[in-house]
Amino acid sequence: MSEPSNWPDDLDPLEESLLTRLGGLRPGQSRAVDPLTAATLFESQVASRLLDHTARWLRADGHGYYTIGSAGHESNAAVALALRPSDPALLHYRSGGFYVARASQVAGHDAVGDVLRGMLARTTDPISGGRHKVFGHRALNVIPQTSTIASHLPRAVGLAQWGARDAGRGDVVVCSFGDASLNHSTAQGALNWAQHTAHRGDPVPVLFVCEDNGLGISVPSPEGWVADRVGRMGMEVESVEGDDPAEVLAATSRLSGHVREQRRPALLHLCCVRYLGHAGSDAEAAYRTTSDVRADYERDPIVGAGRLLVDAGECAGTDLVEWYLSQRVEIRERALALLSEPEFESATQVMAPLAAPDEARVATHATAFHGSGRGGSLEPLTLAQTVNATLSDVLAADEGAVVFGEDVGRKGGVYGVTRGLQKEFGEARVVDTLLDEQSILGLALGIAVGGGLPIPEIQYLAYLHNAEDQLRGEAASLAFFSNGQFTNPLVVRIAGYGYQQGFGGHFHNDNAIAVLRDIPGLVIASPARASDAPAML
């Protein structure tokens, strides 16, 4: 082992603590884990930690652009190793360990290079093409997410519900989020929707992972709050400490097995710590004492992973120190080498995935569809009738098309727009949903990314506002964050503009199109008369 006096002089205090503790490891009796799994776990956790330190180093040198890290959360690497690489993953922005471990499960993938390119905004970044540092990769079944609080949870439930149609496949959708996000209405709505679906007897194979570091930027979660809340979820729940990697592996295996076999949701409460503050710009000293920060060093998940290897006789603690230091040099060298790779040269290049649709192609498609089937009636039709006829045409022509929303099935919608469709196409194609607009749009996002054609209805325009970030932050941004590799082919129908005389639009059909009009990536069609609607739709 190198003596501390010979260690690099720019080590962070967190690194000094980690290396001291690793170097002091002696063989003992920890829970047995397959040596190859233990090695992969340790390597993945160290790579994730070093990427976080490298991000700060790059930023200080004027090169990097992103410093929100995963330090302290690396036990989520064990979650990845307990799942299949085919399981779709929608990840919290501190799930770096998971991403590195998932990449290790699929031959030929370079997680370190992926993340460094994202940090450096290189156009060679395999997911966003240099637009933003996100965890995502199509070949790894990791769907990129924004950092809007909990906004990805509805999509995860929707994807699980849609994917469950293929019972033979047996995938588990995994969705990670932070403890502070648990308080957000979007998270609560998604968790409620998952429970509601399971209670109804329908499959919803989703594994939620609450990565609980006890802090929401500077605001601590009340002691015991998260454990109390997840304990009341009405679903299978396990709570584990992140510095016990063997138990994280075992608990995730148990829960994922339950989800895979029972097709019901479950939640892993992963207790961890947060190192290096919220981000590079966060002055953690303003709200945390030095002693509190140092106390968290005793819960380092990387030490737990290293202990598995030492106890198994695979290596000595000093070997782990030497390997860490060699990887530290290698990752920094790789980062500097990547500076020669290209960046964007214009705003047009950056915004390319959000380009407006090809009008000629849209017109050709609309002309081919207009006048077909029931929509070809020569009798004068109302606006509602033309929309109904066109939806019937779409459902007949595309087996992946699904119409859903509040009251759209048996009742036929509040304006009768969907009347008769459920009787014609069945309850699996025309679906009455629970009364939650975030869940309706989440189902749409899940169906879209799963390959279907969702046509959700939001009953009134005024009802959209508590859920519009599902369109702004999720639907409209996915192509941008994935360089067009993931898209959201969905058509949202919303009644707007007018309502009963004397009953204010504030509560029902308000005129707030402005909240949608200027969202990049969103196309608005607003028919002026009944004859406009079929081709537009």
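Reference entry: report on the structure contained in this document. (Residues numbered from 1 in each chain as written. Predicted model: local features only at pLDDT ≥ 70, side-chain atom pairs only at ≥ 80, totals over all residues. Heavy atoms only, no water.)

### A closer look at the side chain of N213
Then, in step 1: With respect to the helices and strands, N213 occurs in the loop between β4 (206–212) and β5 (215–216).
Then, in step 2: Within the structure, the side chain of N213 is placed 2.9 Å from the side chain of H73, a separation counted as a polar contact.
Then, in step 3: For N213, the contacting residues outside a window of four places in its chain are H73, R94, D179, C272, V273 and R274. (Helix = DSSP H or I, 4+ residues; strand = E, 2+ residues; numbered from the N terminus. Polar contact = N/O pair within 3.5 Å; in protein donor to acceptor, adjacent residues only side chain to side chain. Contact = heavy atoms within 4.5 Å.)

### Quick look at the pairing of strand β7 (residues 236–241)
Consecutive side chains along a regular strand alternate between the two faces of the sheet.
Then, in step 1: Relative to strand β8 (residues 266–271), β7 runs parallel, the two being bridged by 6 bridges. Paired with S239 across the two strands is H269, which belongs to β8.
Then, in step 2: Crossover connection from β7 via helix α9 (residues 245–262) to parallel β8: handedness right-handed. (Pairing = 2+ DSSP bridges. Right-handed = clockwise from strand over helix to strand, strands pointing away.)

### A word on the packing of aromatic side chains
Then, in step 1: A complete count under the given rule lists 7 aromatic pairs for this structure.
Then, in step 2: Aromatic side chains F177 and F208 sit 6.5 Å apart centroid to centroid with 80° between the ring planes, which places their arrangement in the edge-to-face category. Of this pair, F177 sits in strand β3 (residues 173–178) while F208 sits in strand β4, placing them 31 residues apart in sequence.
Then, in step 3: Given the relative accessible area of 0%, F177 is considered buried.
Then, in step 4: Using a relative accessible area of 0% as the deciding quantity, one classes F208 as buried.
Then, in step 5: Measuring from centroid to centroid gives 6.2 Å for Y415 and Y460, while their planes differ by 80°, and the two rings are edge-to-face. One end of the pair, Y415, is in the loop between β9 (401–405) and α16 (421–425); the other, Y460, is in the loop between β11 (453–458) and α18 (469–475), and 45 residues separate them in sequence.
Then, in step 6: Of the aromatic side chains, those joined through ring pairs into one cluster are Y415, Y460 and Y463.
Then, in step 7: Positioned over the ring face of F486 is R138, at 4.6 Å from the centre of the ring. (Phe/Tyr/Trp six-rings, centres within 6.5 Å; stacked < 30°, edge-to-face > 60°. Buried < 20%, exposed > 50% of the residue type's maximum accessible area, 1.4 Å probe, protein only. Lys NZ or Arg CZ within 6 Å of the ring centre and 35° of its normal.)

### As for the pairing of β3
Then, in step 1: The buried count for β3 comes to 6 of 6 residues, which makes it a mostly enclosed element.
Then, in step 2: Side chains of β3 alternate between two faces, with V173, C175 and F177 and V174, S176 and G178 buried alike.
Then, in step 3: Note: strand β1 (residues 89–90) against β3, 2 bridges, orientation parallel. If you follow A89 over to β3, its bridge partner there is V174.
Then, in step 4: Where β3 and β4 come together, 6 bridges link them in parallel fashion. The residue bridging C175 from the neighbouring strand is F208, located in β4.
Then, in step 5: With respect to chirality, the unit in which β3 leads through helix α7 (residues 185–199) into the neighbouring parallel β4 is right-handed.

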